[in-house]
Amino acid sequence: MRPARALIDLQALRHNYRLARELTHAKALAVIKADAYGHGAVRCALALEAEADGFAVACIEEALELRAAGIKSPVLLLEGFFEASELPQIAQHDLWCVVHALWQLEAIEQAQLHKPLTVWLKLDTGMHRVGLHPKDYHDAYQRLLASGKVARTVLMSHFARADELDSPASEEQLAVFEAARQGLAAECSLRNSPAVLGWPQVPSDWVRPGIMLYGATPFEVPQAQAARLQPVMTLQSRVISVRELPAGEPVGYGARFVSPRPTRVGVVAMGYADGYPRQAPTGTPVMVAGKRAPLIGRVSMDMLCIDLTDVPEAGLGSPVELWGKHVLASDVALQAGMIPYQMFCNLKRVPLDYCGD
Ligand SMILES: *Cc1c(COP(=O)(O)O)cnc(C)c1O
């Protein structure tokens, strides 16, 4: 059996969820969209269900997968519905629904529903992606109330630059939010992972941690609270071939690496078809037989090469951690010019194994 695996530590997932709560004293929706950022949405939801205040996903298809698996907690659709025809199912399955555009508000006003909805009314505070314009916000809130279709409303917005701890943008977005929600007696929700970890002054009755649940920092620089996260995924494999090369020999496609000294090359069963980034350059660390060693040459589809010259105890069959508790996914992402979100979501072909249940 090919040894490439992603081991998912559910105990670490729960630790990170509890950290989000501890830092904010708020209710927390665990964001498990995109198959829990590649970690397996159903398994992650089941592991958190006993303590989580709810979950958040991107669309009704993702939410129904959770309901089919027996998840009873609230599930928020972060983009609401894409077509009005989804509304009856949203009500039927007790899903919570973001309203980010006026056409969605109109669709709710016109819908025939047997149960009232819970709506998270999204304000565009400066990211300019989705969300209502501040001038429309009060009126939209009143229309929801008057529609008779809505039992509960939460006021929400989303930060564009909360991962930049020295940027004034988040404070500016907060000011727009505070002005727009004046006089509206409803709960609010602003904080994503970087805001949970780095912006303690931002109010939020509900927080929406995503990447931090998986133990990866959203910041490019060290940050005290992010240092308390526990990595959830260990992407692992084994050395499947070892060869000794004299100095001056190329390794891999395009001869992108030429041995500068006599070199012991290990081949690892892991490639870009598994989601390991092809852009990861020579020098990107892996952990082999308990020591750090550098990637060398181009990452291929199913294999990659590492330099074992300074790890003589490593050999055929040695375990390799591509990222996990020792080599942080965020460090690999920095090397590859990516973000950990993207690396996790790119994961494919490797079976997911679970521990810590
Ligand atoms: C994905 C998402 C989140 C989670 O973001 P992280 O940076 O992963 O914490 C929170 N809120 C909304 C609206 C999202 O789409």
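Look a little higher up for the structure.
All of these numbers come straight from a predicted model, not from anything done at the bench.

What counts as what
- Residues numbered from 1 in each chain as written.
- Predicted model: local features only at pLDDT ≥ 70, side-chain atom pairs only at ≥ 80, totals over all residues.
- Heavy atoms only, no water.
- Near = heavy atom within 4 Å.
- Polar contact = N/O pair within 3.5 Å; in protein donor to acceptor, adjacent residues only side chain to side chain.
- Helix = DSSP H or I, 4+ residues; strand = E, 2+ residues; numbered from the N terminus.
- Nonpolar A, V, L, I, M, F, W, Y, C, P; charged D, E, K, R; others polar.
- Phe/Tyr/Trp six-rings, centres within 6.5 Å; stacked < 30°, edge-to-face > 60°.
- Buried < 20%, exposed > 50% of the residue type's maximum accessible area, 1.4 Å probe, protein only.
- Contact = heavy atoms within 4.5 Å.
- Core = buried A, V, L, I, M, F, W, Y, C linked by side-chain atoms within 4.5 Å.
- Salt bridge = Lys/Arg side-chain N within 4 Å of Asp/Glu carboxyl O.
- Axes fitted to C-alpha atoms, helices over the stretch in contact; angles between N-to-C directions.
- Parallel < 35°, antiparallel > 145°, perpendicular 65-115°, else oblique.
- Left-handed = near helix turned anticlockwise from the far one by under 90°.
- Pairing = 2+ DSSP bridges.

A. View of the site of the ligand. Residues in contact with the ligand amount to 14 residues; listed here are only the nearest, Lys 33, Tyr 37, Ser 193, Ile 211 and Tyr 341. Taking Arg 208, its side chain carries an N or O atom lying 2.9 Å from a nitrogen atom of the ligand. A distance of 2.8 Å separates an oxygen atom of the ligand from a polar atom in the backbone of Ile 211. For the shell around the ligand, the secondary structure elements donating two or more residues are helix H2 (33–38) and helix H9 (193–198). Looking at the shell around the ligand residue by residue, the classes come out as seven nonpolar, four polar and three charged.

B. Representation of the packing of aromatic side chains within the structure. Across all of its chains, the model carries eight aromatic pairs by this definition. Here the aromatic rings of Tyr 37 and Tyr 214 are separated by 4.9 Å at their centres, their planes lie at 35°, and the arrangement is tilted. Of the two residues, Tyr 37 sits in helix H2 while Tyr 214 sits in the loop between strand S9 (206–207) and strand S10 (233–245), which places them 177 residues apart along the sequence. There is no split in this pair, since Tyr 37 and Tyr 214 are both buried. Ring centres of Trp 96 and Trp 206 lie 5.5 Å apart, and the angle between their planes is 90°; this geometry places the pair in the edge-to-face category. With Trp 96 in strand S5 (residues 95–99) and Trp 206 in strand S9, this pair connects stretches of sequence that are 110 residues apart. Both residues of the pair, Trp 96 and Trp 206, count as buried.

C. View of helix H3 (residues 41–48). Burial analysis of H3 places six of its eight residues in the buried class, the great majority of the element. Buried within H3 we find Ala 41, Val 42, Cys 44, Ala 45, Ala 47 and Leu 48. On its buried face, H3 is in contact with helix H1 (10–24), strand S2 (27–31), H2, strand S3 (54–57) and helix H4 (60–68).

D. Structural context of unusual backbone geometry. Even without being a glycine, Asp 35 presents a positive backbone phi close to 55°. Relative to the assigned elements, Asp 35 resides in helix H2. Asp 35 gets classed as partly exposed once you look at its relative accessible area, which sits at 38%. One non-glycine residue with positive phi stands out, namely Arg 349, at about 65°. Looking at the element boundaries, Arg 349 is found in the loop between helix H11 (340–346) and strand S18 (352–355). Its relative accessible area of 45% is what places Arg 349 among the partly exposed residues.

E. View of the nonpolar core. Formed by 120 residues in total, the largest nonpolar core has its most connected members in Phe 55, Leu 66, Tyr 276 and Trp 323. For this core, the leading source of residues is H1, giving seven residues. Discounting residues that sit within four places of it in the chain, Phe 55 has contacts with Leu 29, Ala 30, Ile 32, Ala 45, Leu 48, Glu 49, Leu 66, Ile 71, Ser 73, Pro 74, Val 75 and Leu 76.

F. Here's a closer look at the pattern of salt bridges. A complete count under the given rule lists 20 salt bridges for this structure. Of the charged contacts in the structure, one is a salt bridge between Arg 143 and Glu 109, with a shortest N-O distance of 2.7 Å. Of this pair, Arg 143 sits in helix H7 (residues 134–147) while Glu 109 sits in helix H6 (residues 102–110), placing them 34 residues apart in sequence. Taking the relative accessible area as the measure of exposure, Arg 143 reaches 25% and is therefore partly exposed. Measuring nitrogen to oxygen at the nearest pair gives 3.1 Å for the salt bridge that ties Arg 261 to Asp 307. Here Arg 261 is found in the loop between strand S12 (257–258) and strand S13 (263–268), whereas its partner Asp 307 is found in strand S16 (residues 304–307), with 46 residues between them in sequence. Each member of the salt-bridge network shares a partner with another, and the members are Arg 2, Asp 274, Asp 302 and Arg 349.

G. Highlighting the packing of H1 against H3. As a packed pair, H1 and H3 sit with axes 10 Å apart at the nearest point and diverge in direction by 60°. When the axis of H1 is compared with that of H3, the two are oblique. Our pair here, H1 against H3, has a crossing hand that is right-handed. Across the interface between the two elements, Leu 10, Leu 13, Arg 14 and Tyr 17 from H1 touch Arg 43, Cys 44, Ala 47 and Leu 48 from H3. Grouping the constituent residues of the contact of H1 with H3 by class yields six nonpolar, no polar and two charged.

H. Broad picture of the side chain of Ser 193. Considering the arrangement of structural elements, one finds Ser 193 in helix H9. Setting aside residues no more than four positions away along its own chain, Ser 193 makes contact with Arg 208, Pro 209, Gly 210, Ile 211, Met 212 and Pro 218.

I. Seen up close, the side chain of His 100. With respect to the element layout, His 100 can be found in the loop between S5 and H6. Residue His 100 is classed as buried on the basis of its relative accessible area, which comes to 13%. A polar atom in the side chain of His 100 sits 3.4 Å from the backbone oxygen of Glu 79.

J. Structural context of the pairing of strand S1 (residues 5–9). Burial runs high along S1: four of the five residues are buried. In this sheet, S10 lies alongside S1 in antiparallel orientation, the contact comprising four bridges. Within S10, the position partnered with Arg 5 by the bridge is Gln 236. Here four bridges tie S1 to S18, and the two strands are oriented parallel to one another. Following the sheet pairing, Ala 6 is matched in S18 by Leu 352.

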